[in-house]
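Coordinates in review
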Amino acid sequence: MRDLWLISWRNVTRNRKRFLLTLIAIALGVSLTCGMLIVKETTERTFEFHERLYTGGADFWVLSHEHTFPADDIAMIMEDNQVQNSLSVLDKQGFVELEGVTGPALTSVRLSGVSRLDHELLVLELLEGDLSRDGLVLPEDAARLWNKRVGDTVVFRDMGSIEVTAIVGYTPILRSPSDWEEAERRHFRVMLPLATLQDWTNREEQISYLRFQVNPQADKNELLARYEQQLAGSAQYVQPVVIDDRQNNSGMDGLYFTLYTVAIVALFISGFIVFNMIFASVMERRKEFSIMKSLGYTNIHIYRLVLMEVLLLSLLGILIGIPLGVWFGDLFQYMLLGIFEPRLDYILHWQAPSLISMAIGVLFPVAASCIPMYIAGNTPILQAMRNIAGSPTKKTKHLRWIIGLLLLGGLLIGHSISLLFLFVGTVLLYPYLFTMIKKLLAPLYRQTLGYPGEVAVQNMERNLNRNANTSAMLACGIALVLFLGASVQSLPEGYEQEISATFGGDLRVHSESPWEPEAIERIAQFSGVAAVHPYRVAPEVAWQTKDGDMRRFPLISFDPEAGEPFQLFSVRTEDSSAAAWSQPGSILLGEWAYLEWGGRIGDSIHLHTPKGLTAFEVAGIVQTSHHDGYVAFMDVSLFTEQVNWPHAYHLLIDSESNDQLPGIRDQLWQHYGDRLSSITSMQEAVASAQRGFDGINELMQGLLILVICLSSIGIGNTLLMNTIERISEIGTIRATGFTKGQVKLMILGEGSMIGMVGIAVGSLLGLGLIYYISISEMAGSYMFFTIPWANLGLAVCAGIALSLFASWLPASVAVKVNVHEALKYE
Amino acid sequence: MSVKHAILSLLYEKPRHGYELKTGFDHLVQKKWAINPGQIYTTLDRLVRDEWVESPGQDDKDRKIYSLTAKGREELVQWLAKPVDRLLIRDEMYFKWLCAAKVGYDHKKQIITQQRELVIKEILYLTRFKKELKQDNQEEMLDLVEGALLHLEADLKWLDLMSSKLKPPASL
Amino acid sequence: MIKAVQVNKSFRVGEQEMMVLKGLDFSVNKGEFVAIMGPSGSGKSTLLQLLGGLDVPTAGEIQIDSTAINRLNEKERTIFRRRNIGFVFQNYQLLPTMTVEENVAFPLRANGEMLHTSREKANQYLEAVGLAKMGQRFPNVLSGGQQQRVAVARALVNEPKLLLADEPTGNLDRKMAEEILELLSHFHEHNRQTIVMVTHDIFAAGYADRIVLFKDGVIETEVNREDEDYARFVAHFMA
């Protein structure tokens, strides 16, 4: 048995260049797949982890529609025997006194007073200091910017001073700006003992919310119902803690889709290279196989022979590819998470993806070698020994384009799988496209390259299938570049449009305590303010998907009577049933929430509102930029009654003109600074989204250069094989008239033709794909038809450059060979 | 097959008496061609008459000793150098070849070379002849020519074989 | 027409230098048909490659019609070759993806000639070798003899000063070989084509005016046909 492996090893390494190229192809395919899977897994887990950090392992929390409430009001819950580990928290806005830094926006702080600093539900990563001591706990970002260390004193305006007793690592509950630029838009968050804060703010015995765990054996649903009942009618309500960060991290699904796509394309191209290599190897050895068969080997023996060679290559490929993939995954993960604010720490989850990639690393080369394996085993004995080339039967010839057309028809399905059909269909129909475009390009080649160009065009016929397949790979890569380029280009535009249409004005002001009518009046009088509009948000409303999955999103009020600038959503088509939306019991879902929910308009959805578990009828779907559409809306007139949420903590401001905005801000800070949680402008929202897109855009372009590089390895490989098979002919050509230069031109012509056709078809395919997606349902309203000129230019230039570059090696090989040796070559 | 020249070759090696020549001849042709002693003496007489051989005296057993004259030597060398007419090539050339062994390597080599050149020239002539016959459509003659060419090819191959057996004498 | 003077050619085989041609002097007159014979390794193919400019001698001079081709660079040699030399190979060496006509026209097109003049000339020569109707066929459907005839047409299409043939009958049976040799002979006699042919077959060599025998990198012997004695030979043969 061992010597079979030895023989296989010898066979595989017979041809150095081919062995290395095949190995590289497998390794790259495996490493890209591995990297992508790792990134997907790690990203998912990281977000989930941070979600859990945020919730701290609590099962429930009790909140209020008031800013604060007396802790006694929920005594019955706190003393419930099923309740273990409860944490009381009071949140209050304030200002920190810093040397050299002034301005309300920069010094705005949210202080969280907690019942115990070292509470299990807080999950703080202690960097310095001691959590068991009573004092101020700073996140490291704040400590750094404020230049405070453990032991220093911090003064909060109109509140008091306190010693810093601990500095902790990043946790969502203490999320603070990482630089002063960010501090303009975001407040600092710090933690201190509850009693201290209550004392400072004269809110004895008051808290903002309670978090707690229950007995693990207890029936949570039963408890939830009980608590809801106990709190019914009061200002307080209970919510189950739900791990769901979709409202903060949209686009992840799109990202995962991209990652999978890149992995699949990489596998496709690598698989194709492997196929070519093994095919060539098998074809060369047909005589050997027929001899073996005449001596007694059956087809199965030969299958096994080829299989062992492929397995050997796979194992080596995995050996190289997996470590490479892990490294690449780490690099990519680092860059990816850099796009998000804040930059999250992560632990690389490489184990499971590596195992999966190993399996793929074995399976895909084997799959790619199936056809050559079959050919090897079924070598007809006599034909091969006499070197008679067999011709493909008529049947298989037609099979290719028939299947191709069928697959193209799959486009009509309209599901994302039909994209796969489109690509495979294109690859299958490619030879015919290739021949057509070749005919068109022929005169051009004749003009520019002269007779060598003409010969190059003729030579394409010879290995038409192989050349077509290679060109197809490039085309698919380019189509992908264009498609993703367009989506990344149009998405921000779509987003920007969406944000400006549904932001609801120019400024959004969030206060920690409800906006009283007098305050609203006053603000409306600020200079520069054209109009104001308050709205209500019930945060963290838990709901269930049709599958029974627990999610959470905010529930936002809308006012059909509100003025134009204050619309928080838009509708795609004029819905005549708009009147029905204001019916009691009706609710509107943002598009994304609707998709996740899985139901249809008219079905009921169950929400744990502050009023309790209620069923609502989904009356419509809307487009909104709020929480990326992972949100629900309800008519404001129903809010108090149906949701038990009487107060508005949010205020929308429409300014007279954009230059008035800074002035308005100043006035807000001046008059209401001590209660402001945040002021967000529409431009900031747009800018923030834009930052994300820029980051993703760069990543995409990087990934896609990789794909094109992989394609060009494919081209180089094909041309090399074409050239090596023709050494004898090239000798003849040189003996009877072509100079080295002319031979080089000929081969460059062949390579560039593969490239040109690939670029042409790829561009058409990409543009067609963009158009198709823009008019279909799949990407929602975010994707509309745009021609990504930059990407198109990049693809064309990269395609031409890389195919020329890939032709260079085979061209050099072709002219290096001694003419008389080439002539003798069999 | 020329007994005359065989005797000349044997005498080239060293002077011999009559009986020695008989045994020498037998040994030379390895009994392939048989002659009787009488033929030896008759030939010797003729050789003496042609002044290619002389009899200077007798040995200690009173036998007549024969030796090669200068003229005889010249005759031998010329005869060796002359290639053989086509029809007799094998036997007669081989015969010469055997004699040449007595004379020296260079002569053996020369035989091959000369013979080969003749064969080649004949092939050249015959090929030209064949071309002309073809143009005139002379079928029967063509067959004969083809046959002759084939024989010549074979002869050439045989000569190559002989040539490959030629070993130069060990260098000094 | 050809003048090779003191030509040396050595090859590096592994670590050693192998001297294939040693101080060779060789010449061919215009209109001569010379056959070169010799055992393998004797250097005859090498000489042919040098004459065709496919390689350069390590030392010595090779003049073809007063052009010293050993002094030309690679590109100049290729250009010289396609204008002045025709090559016929043992394996025919036709390009499988081109039609017979395109194959024959190749040296002309490589030289930059226009399509229709090249085509005309190609068909002219195809007719001359007796394959007038085969222009649009592909080489793989032709017999060995036919393929070699196409090769001969290709070798002559550029009206070369010199035709070089390397074992042209090596892959052919007797009958086809004779056809090719008669073809070459025909061009030699009627067009005064200068031909140098390497062969190991005496039957083929017989068609030449002169046969040169190679051994160990030098000329061993030469045999001329000496047409003065021809009549006498025929008479003797007939008797």
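Residues numbered from 1 in each chain as written. Chains lettered and ligands numbered in written order. Predicted model: local features only at pLDDT ≥ 70, side-chain atom pairs only at ≥ 80, totals over all residues. Heavy atoms only, no water.

Turning next to the overall build of chain C. Helix and strand counts for chain C come out as eight helices and 10 strands. By the burial criterion, 59% of the 239 residues in chain C qualify as buried. Put simply, of all contacts in chain C between residues at least 6 apart along the chain, 68% involve residues at least 24 apart. Summing over all exposed atoms, chain C offers an accessible surface of approximately 10,200 Å²; the carbon and sulfur share of this is 47%. (Helix = DSSP H or I, 4+ residues; strand = E, 2+ residues; numbered from the N terminus. Buried < 20%, exposed > 50% of the residue type's maximum accessible area, 1.4 Å probe, protein only. Contact = heavy atoms within 4.5 Å. Areas by Shrake-Rupley, 256 points an atom, 1.4 Å probe, with all protein chains shown as cover.)

Moving on: the nonpolar core. If you look at the biggest cluster of nonpolar residues, it comprises 103 residues, and the most contacted ones within it are M36, V306, Y430, F434, L704, M753 and V757 of chain A. Sorting elements by how many residues they give to this core places helix α9 (residues 252-284) of chain A first, with 18 residues. In terms of nonpolar packing, the next biggest core, distinct from the first, is built from 97 residues, L28, I40, L44 and W79 of chain B among them. (Core = buried A, V, L, I, M, F, W, Y, C linked by side-chain atoms within 4.5 Å.)

Our focus in this paragraph is the environment of A58 of chain A. Residue and element names in this part refer to chain A. Structurally, A58 can be placed in the loop between α2 (16-55) and β1 (60-64). Residue A58 is classed as buried on the basis of its relative accessible area of 7%. Note: C-alpha distance between A58 and L210 (152 residues apart in sequence) is 10.0 Å. The contact partners of A58, leaving out residues within four places of it in the chain, are L121, R211, F212, Q213 and V241.

Our focus in this paragraph is the pairing of strand β12 (residues 236-240) of chain A. Residue and element names in this part refer to chain A. Taken across its five residues, β12 has five buried, putting it largely inside the fold. Of the two faces of β12, both are covered, the one formed by Q236, V238 and P240 as well as the one formed by Y237 and Q239. With five bridges connecting them, β1 and β12 associate as antiparallel partners. The residue bridging L63 from the neighbouring strand is Y237, located in β12. (Pairing = 2+ DSSP bridges.)

Glancing now at the packing of helix α1 (residues 3-13) of chain B against helix α2 (residues 18-29) of chain B. Residue and element names in this part refer to chain B. Between α1 and α2, whose axes approach to 10 Å, the crossing angle comes to 105°. Comparing their axes, α2 and α1 come out roughly perpendicular. Contact residues: α1 offers A6, I7, L10 and L11, while α2 offers L21, G24, F25 and L28. In terms of residue class, the contact of α1 with α2 is made up of seven nonpolar, one polar and no charged. (Axes fitted to C-alpha atoms, helices over the stretch in contact; angles between N-to-C directions. Parallel < 35°, antiparallel > 145°, perpendicular 65-115°, else oblique. Nonpolar A, V, L, I, M, F, W, Y, C, P; charged D, E, K, R; others polar.)

Scanning the entire structure with this criterion turns up 55 salt bridges over all chains. Close ionic contact of R552 of chain A with E540 of chain A constitutes a salt bridge, the shortest N to O distance being 2.8 Å. Of the two residues, R552 of chain A sits in strand β16 (residues 550-558) while E540 of chain A sits in strand β15 (residues 537-544), which places them 12 residues apart along the sequence. Of the two residues, R552 of chain A and E540 of chain A, both sit in the buried class. Note that E189 of chain C is salt-bridged to K131 of chain B, the shortest N-O span being 3.1 Å. Of this pair, E189 of chain C sits in helix α6 (residues 174-191) while K131 of chain B sits in helix α6 (residues 105-136), each in a different chain. Classification of E189 of chain C as partly exposed rests on a relative accessible area of 42%. The network of salt bridges with common partners includes R128 and E132 of chain B together with D209, R225 and D227 of chain C. (Salt bridge = Lys/Arg side-chain N within 4 Å of Asp/Glu carboxyl O.)

Attention shifts here to the environment of C34 of chain A. Residue and element names in this part refer to chain A. Locating C34 in the fold gives a position in helix α2. Among the residues examined, C34 registers a relative accessible area of 0% and is labelled buried. With 324 residues separating them along the chain, C34 and M358 place their C-alpha atoms 8.3 Å apart.

Glancing now at the interface of chain B and chain C. Each partner contributes to the interface: chain B provides 28 residues, whereas chain C provides 29 residues. When chain B packs against chain C, the two sides together hide about 2,600 Å² of surface, and 63% of this comes from carbon and sulfur. The interface formed by chain B and chain C contains seven salt bridges. Counting residues per element, the side of chain B that touches chain C draws most heavily on α6 of chain B, at 18 residues. When the residues that make up the side of chain B that touches chain C are grouped by side-chain class, the tally is 12 nonpolar, three polar and 13 charged. (Buried area = accessible area lost by both parts, 1.4 Å probe.)

Moving on: the sheet that holds strand β2 (residues 53-58) of chain B. Residue and element names in this part refer to chain B. Strand order in the open sheet formed by three strands is β1-β3-β2, with antiparallel pairing between adjacent strands. Two strands bound the open sheet, and with one partner strand each, they are β1 (16-17) and β2. Note that β1 and strand β3 (residues 64-68) share two bridges and pair antiparallel. If you follow H17 over to β3, its bridge partner there is I65.

With that settled, consider the interface of chain C and chain A. Contacts between the two partners involve 24 residues from chain C and, on the opposite side, 21 residues from chain A. Where chain C abuts chain A, roughly 2,100 Å² becomes buried across the two surfaces, and 57% of that area is made up of carbon and sulfur atoms. Linking chain C with chain A are three salt bridges. The residue R109 of chain C makes a salt bridge to E454 of chain A at a minimum N-O spacing of 3.0 Å. In this assembly, chain C and chain A are joined by 10 residue pairs in polar contact (both at pLDDT 80 or more). Contributions of two or more residues to the side of chain C that touches chain A are made by α2 (74-84) and α3 (100-110) of chain C. At six residues, the largest contribution of residues to the side of chain C that touches chain A is made by α2 of chain C. When its residues are assigned to classes, the side of chain C that touches chain A shows 11 nonpolar, five polar and eight charged. (Polar contact = N/O pair within 3.5 Å; in protein donor to acceptor, adjacent residues only side chain to side chain.)

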